[in-house]
Structure formats: structure tokens, C-alpha cells
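# Commentary on secondary and tertiary structure
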Amino acid sequence: MRAAAVGLLLVLVLVAQTSLLAPFAIWGVRPNLTLVVVYAAGLRYGMSFGALLGLLAGLILDVVAGRMVGLSGVSSAVAGFAAGWIGERLFRGNPLIPVAVAFASSMLGGATYLLAARAFGMGFPIIDSVSRTILPGAWYDALAMAVLYPLITRLFRHLDVRVEGRSAKGVEG
Amino acid sequence: MDLGKWQALAVGVLFLVLAGLIFVTSDPRAVVSVPEKVVRETLAPVQTAFSTVSHWAQETLRDVSSFGTLRSENRSLRQQVAVLQSEVRALQSLERENVRLRQLLDLQPRLAQQSIAAQVIARTPNQWFATVTINRGRIHGLEPGFAVVNAQGVVGHIESVTGRTAQVLLLVDPQSAVSGFVEGSDQPVLIEGSGDPAGNEAFVRPLVRGANLEPGDHIVTSGLSRIFPPGLPVGEIVEVWDDGYGLERRARLRPYVDFVHLDWVSVLLEPPIIEETGEDDQ
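Since we're looking at a predicted model, the values are computed, not measured. (Residues numbered from 1 in each chain as written. Chains lettered and ligands numbered in written order. Predicted model: local features only at pLDDT ≥ 70, side-chain atom pairs only at ≥ 80, totals over all residues. Heavy atoms only, no water.)

### Quick notes on the environment of V155 of chain B
Heads up, the condition is: Starting at the N terminus, helices and strands are each numbered in turn, a helix being any DSSP run of H or I of at least four residues and a strand any DSSP run of E of at least two.
By the element assignment, V155 of chain B lies in strand β4 (residues 153–161). A sequence separation of 112 residues divides V155 of chain B from V267 of chain B, and the C-alpha atoms of the two residues are 9.6 Å apart.

### A closer look at the confidence of the model for chain B
Residues and elements named next belong to chain B. To keep things clear, this is the line we draw: Each residue carries a pLDDT score, the predictor's confidence in it, ranging from 0 to 100. Residue contacts are counted whenever heavy atoms from the two residues lie within 4.5 Å of one another.
On average, residues of chain B score 82 in pLDDT, and 89% of them are at 70 or above. Ranking the elements of chain B by mean pLDDT puts helix α3 (residues 70–105) last with 78 and strand β5 (residues 166–170) first with 93. Scored below 50 in pLDDT, residues 107–111 makes 10 contacts in the model with residues more than four places away or belonging to other chains. The low-confidence segment residues 274–282, where pLDDT is below 50, has 9 contacts with residues more than four positions distant or belonging to other chains. This complex was scored by the predictor with a pTM of 0.79 and an ipTM of 0.82.

### Brief notes about the sheet that holds strand β7 (residues 187–193) of chain B
Residues and elements named next belong to chain B. Quick note on the threshold: When DSSP locates at least two bridges between a pair of strands, those strands are taken to pair. Only the stretch in contact is used when a helix axis is fitted, and all axes are lines through C-alpha atoms; the angle between N-to-C directions ranges over 0 to 180 degrees.
Within the closed barrel, the 6 strands sit side by side as β6-β7-β8-β11-β10-β9. Their pairing is antiparallel. Averaged over all adjacent pairs, the angle separating strand axes in this sheet is 40 degrees, with direction ignored. Relative to β7, strand β6 (residues 177–182) is paired through 6 bridges, and the arrangement is antiparallel. Residue pairing across strands places A177 opposite E192, the latter belonging to β7.

### Notes on the interface of chain B and chain A
Quick reminder of the rule: The term buried area means the drop in 1.4 Å probe accessible area that two parts suffer when joined, counted for both and summed. Salt bridges are counted wherever a side-chain nitrogen of Lys or Arg sits within 4 Å of a carboxyl oxygen of Asp or Glu. Side-chain atoms alone can form a polar contact between residues adjacent in sequence; in general such a contact is a pair of N or O atoms within 3.5 Å, and within protein one must be able to donate a hydrogen while the other accepts it. Under the scheme applied, nonpolar residues are Ala, Val, Leu, Ile, Met, Phe, Trp, Tyr, Cys and Pro; charged residues are Asp, Glu, Lys and Arg; polar residues are all the others, including Gly.
Contact with chain B, which involves 45 residues of that partner, is made by 40 residues of chain A. Carbon and sulfur atoms supply 66% of the area that chain B and chain A bury against each other, a total of about 3,800 Å² over both sides. Where chain B touches chain A, the interface holds 4 salt bridges. Residues R67 of chain A and E159 of chain B are paired through a salt bridge, measuring 3.7 Å at the closest nitrogen-oxygen approach. Where chain B packs against chain A, one counts 13 residue pairs in polar contact (both at pLDDT 80 or more). At the level of elements, α1 (3–24), α2 (34–65), β1 (115–123) and β5 of chain B are the ones that each hand at least two residues to the side of chain B that touches chain A. When residues in the side of chain B that touches chain A are grouped by element, the largest group, 11 residues, is from α2 of chain B. Residue composition of the side of chain B that touches chain A, grouped by class: 23 nonpolar, 12 polar and 10 charged.

### Focus: helix α2 (residues 33–45) of chain A
Residue and element names in this part refer to chain A. To keep things clear, this is the line we draw: Expected span of a helix: the number of residues minus one, times 1.5 Å. For each residue, the accessible area found with a 1.4 Å probe, counting protein chains only, is set against the maximum for its type, and the residue is called buried under 20%, exposed over 50%, and partly exposed in between.
Compared with the 18 Å implied by 1.5 Å per residue over 13 residues, the 18 Å span of α2 between its first and last C-alpha is a close match. Those residues of α2 that sit buried are L33, T34, L35, V36, V37, V38, Y39, A40, A41, G42 and L43. Directly beyond the C-terminal end of α2, a positive phi value near 100 degrees is found at G46.

### Some thoughts on the packing of aromatic side chains
Condition: Between 30 and 60 degrees the pair is tilted, below 30 it is stacked and above 60 it is edge-to-face, where a pair is any two Phe, Tyr or Trp rings, Trp via its six-membered ring, whose centres lie within 6.5 Å.
Under the criterion given, the structure shown has 7 aromatic pairs over all chains. Each member of the aromatic cluster is reached from another via a ring pair, and the members are Y113 and F124 of chain A together with W128 and F129 of chain B.

### Quick look at the nonpolar core
Which entries qualify depends on this criterion: Residues enter a nonpolar core if they are buried and are Ala, Val, Leu, Ile, Met, Phe, Trp, Tyr or Cys, with the set joined through side-chain atoms within 4.5 Å.
The biggest cluster of nonpolar side chains holds 41 residues, and the ones touching the most others in it are I134, I158, L170 and I191 of chain B. It is β4 of chain B that provides the largest number of residues to this core, a total of 4 residues. With near-sequence residues (within four places) excluded, L170 of chain B lies in contact with A130, T131, V132, V155, G156, S176, F259 and L262 of chain B. Counting residues in hydrophobic clusters, the runner-up holds 27 residues, among them L33, L35, I152 and L159 of chain A.

What follows is the structure, given as C-alpha cells:
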């Protein structure tokens with residue numbers, strides 16, 4: 001149930017990201033809402049869940065983009081793992097933590113993508129890519145996280161309550 | 001083997017599979033796999049709906065923000081209309097002269113190409129590549145390699161198609177290369193995408209030694225690639241520099257097309273055929 005709901009959320013967010021966010025582009029950069037969901041999940045459920053969800057979300061992004069299929073999967077898995085790893089070590093009650101986690105994870109995921117793409121022969125220039133793509137993207141993801149994290153957390157909490165309720169009923173039955 | 005070793009083995013195999021997949025899909029492909037086809041076709045109707053809402057909101061915001069300047073813009077437009085009307089009359093006279101000269105040279109007129117309008121319904125979900133999805137596909141007659149343009153100039157070309165959608169590789173994508181000419185001088189150049197997320201620049205590489213590129217030069221398609229007809233506007237050169245050894249000249253081009261606010265495009269349905277019936281054919 002939880003997996004299906006999170007999967008559905010990812011697809012909805014992906015559609016919004018590809019078709020709804022064009023007017024919100026700053027210097028051509030749009031927030032990666034799919035990754036924002038991954039970071040929030042990593043913070044709540046830990047680094048393994050974050051990495052797995054990141055891999056899945058990245059693969060969906062790759063299939064839609066149609067180029068270098070698997071690379072976003074790897075970089076998003078690294079970013080999701082990082083979000084979970086940081087989240088397990090920091091106090092999550094502080095509202096600034098999710099924002100900082102989104103920024104750091106996006107930077108790490110972006111750097112992973114850049115280095116791996118170069119290893120596979122893509123000639124992305126390092127300085128231009130960091131200054132025009134990775135850094136603005138990380139800022140934008142952090143901003144999106146600040147706005148969306150309370151909503152996503154509420155949704156996760158709702159899902160957890162339903163999942164626990166079903167488990168309890170199963171034990172009683 | 002304990003659980004930890006199985007997990008490590010599974011992760012290793014997964015990474016090998018992903019590495020193979022990345023390698024196979026690293027270049028633009030005309031052939032779309034079944035999962036990609038299913039995902040694109042399934043998402044297309046929802047993306048069309050979302051995209052329509054997004055375009056409407058964008059237009060409304062633009063209208064509201066420009067309301068204050070409408071009066072002065074109207075006055076200025078009236079003046080421009082007067083100037084343009086006189087230019088149109090001059091152009092009509094030039095066209096008549098052009099027809100007469102073509103008849104004298106025994107050249108067939110350029111074939112008017114059929115085109116189809118398409119709405120941009122989605123953009124690539126990552127920032128690294130510059131592609132868009134349009135709501136026309138194979139059932140509308142689209143094929144990979146068809147040119148995509150809009151009122152401002154060259155947008156890109158069709159990379160791959162499914163039944164009802166097509167993916168367009170934009171001019172500014174890092175893997176895009178279009179052949180062009182410096183307008184008015186016939187110096188051949190290659191226009192390469194820079195991957196700039198804002199779509200504000202591409203690079204120009206001259207294809208002949210000693211080419212004289214200058215800021216302000218206008219670049220048009222050459223028609224040599226057999227994707228774009230000749231003479232389509234591409235952009236304006238804004239900066240020229242030599243490489244570190246003085247062996248090669250490069251230039252930065254600002255495309256005419258606003259890639260960030262791309263909403264409607266035209267797909268040219270036939271490859272450019274310009275036949276000249278000269279003495280050889282007679």
C-alpha cells in the first residue's frame with residue numbers, strides 16, 4: 001500500500017515536473033520535484049529506502065528523458081541514500097534540516113551525474129555544468145523542499161497510520 | 001554465502017546492468033523501446049492537459065503584467081505598422097522581380113513544404129539535455145529527422161516518435177549539430193548545442209580556414225544536412241574568440257528561438273528538396 005501510494009505520488013509529481021513547471025524556470029532551471037519526494041522519503045524512512053526510491057524515480061526520469069537511461073537512476077539513488085544518511089544523523093525536528101538535506105543531496109546527485117556522464121563520453125564542461133545546472137538546481141530543490149516538505153510529510157504520516165492500522169487488524173485477526 | 005554477500009553481489013550486477021544500459025542509450029536514438037513507448041503514450045494525455053493549463057496561466061500572467069504598458073505599446077505598434085506597410089509594398093515589388101529573374105534563369109521555385117502545428121506538452125525531466133515532447137506522432141505523419149521550426153527560426157529536429165508523441169532534439173542540446181551559413185557571405189559553419197539550460201547560447205565552428213566571423217553576424221541553415229531547408233534563421237553571433245593556440249576560431253551564438261517559453265511549433269513534413277532544372281537536366 002505504502003509503495004503503491006508513493007509510486008503514484010512519484011508519477012504525478014513527474015508529470016507536473018515535465019509539463020507544469022516551465023513558467024517557473026529560473027535561468028532555464030526547474031526544480032526536480034521527483035527528487036524532493038525522494039529526499040523527504042529518505043529523511044523519514046532511512047537511507048536504504050531513500051536509495052531504493054531514488055533508483056526507481058531516477059529510472060522513471062530516464063525512461064521519460066530517453067537518454068543515458070540508468071544514469072539518473074544511479075545519481076538519484078546516491079542522492080536518496082545521502083538524504084537518508086544525513087537524516088539519520090541530524091535532528092529532523094529543525095525545519096532547516098530538510099532544506100539543507102535537499103541542497104546537499106542535490107549537489108551530490110548532480111556531481112555524480114556529471115562525473116558519470118563524462119565517464120561515458122559526454123563532454124559536459126565541469127565549471128559551466130556546476131555553475132549553470134547543478135548549483136541553481138540544488139538551490140531550487142531546496143526551495144521546493146521548504147514549500148513541499150510539510151505536505152509530503154503529512155501524506156507519509158497518513159500512509160503510516162493506515163499501514164499500521166492494517167497490520168494491527170491482521171495481528172488481531 | 002551469507003545475506004550480506006548476496007546483497008553485494010546483487011548491487012554489483014545491478015550496476016553492471018545499468019552501466020550497459022547507459023552505454024547503449026548514450027546517443028540520441030530514433031528507435032524507442034517498448035517501455036519508453038508505453039510510458040510516453042500513457043503520460044501524453046495528462047501532460048497535454050497539464051501543459052495547456054500551464055500555457056494558459058503563463059499567458060494570463062503575461063497579459064496582466066503587461067497591462068500598464070499597453071497604451072504606449074499600441075502607439076508604437078501603430079507607427080511600426082505604417083513602416084511595415086511600406087516595406088511590404090517594397091517586398092512585393094522585389095518578389096515580382098525575383099519571379100521574373102527565376103524565369104530568366106530557368107530555375108524551379110522553391111517547393112513549399114507541408115507542415116503541421118504541434119503543442120509542446122513536456123520538457124525533459126532533467127536539466128542536462130534539451131529535448132521537448134510534442135503532441136504529434138507517427139499517426140500524424142511524423143518521422144525521425146523532420147525539421148521543427150517556429151516563427152522565430154530553427155527549433156530542432158524530431159529525434160524519435162511514438163504513435164501520438166514525438167521527442168524533439170532542440171538546437172541547444174549538447175548533442176545537436178546543424179550546418180549553417182553566415183548570412184550574406186556563404187561561409188559554412190557548424191552550429192553545436194552548448195547544453196545551456198536557459199537555451200541562450202550555442203557554439204559556432206567555422207568549416208573553412210580563415211573564416212571571418214564577427215559579432216552581429218546572422219546565421220541561417222545551409223540545407224546541406226538534408227534536415228533543414230536552406231535559409232532558416234538560427235541566431236546571431238554575440239562573441240568570437242580564438243582557441244589557445246590560434247588554430248581555430250569559435251563563436252557564441254544567441255538563438256532567435258526562446259527555448260524556455262516554447263509552446264507551439266511547426267514540423268516540416270517533408271525533407272527539403274530544392275531541385276534546379278538547369279542545363280544538365282535538359
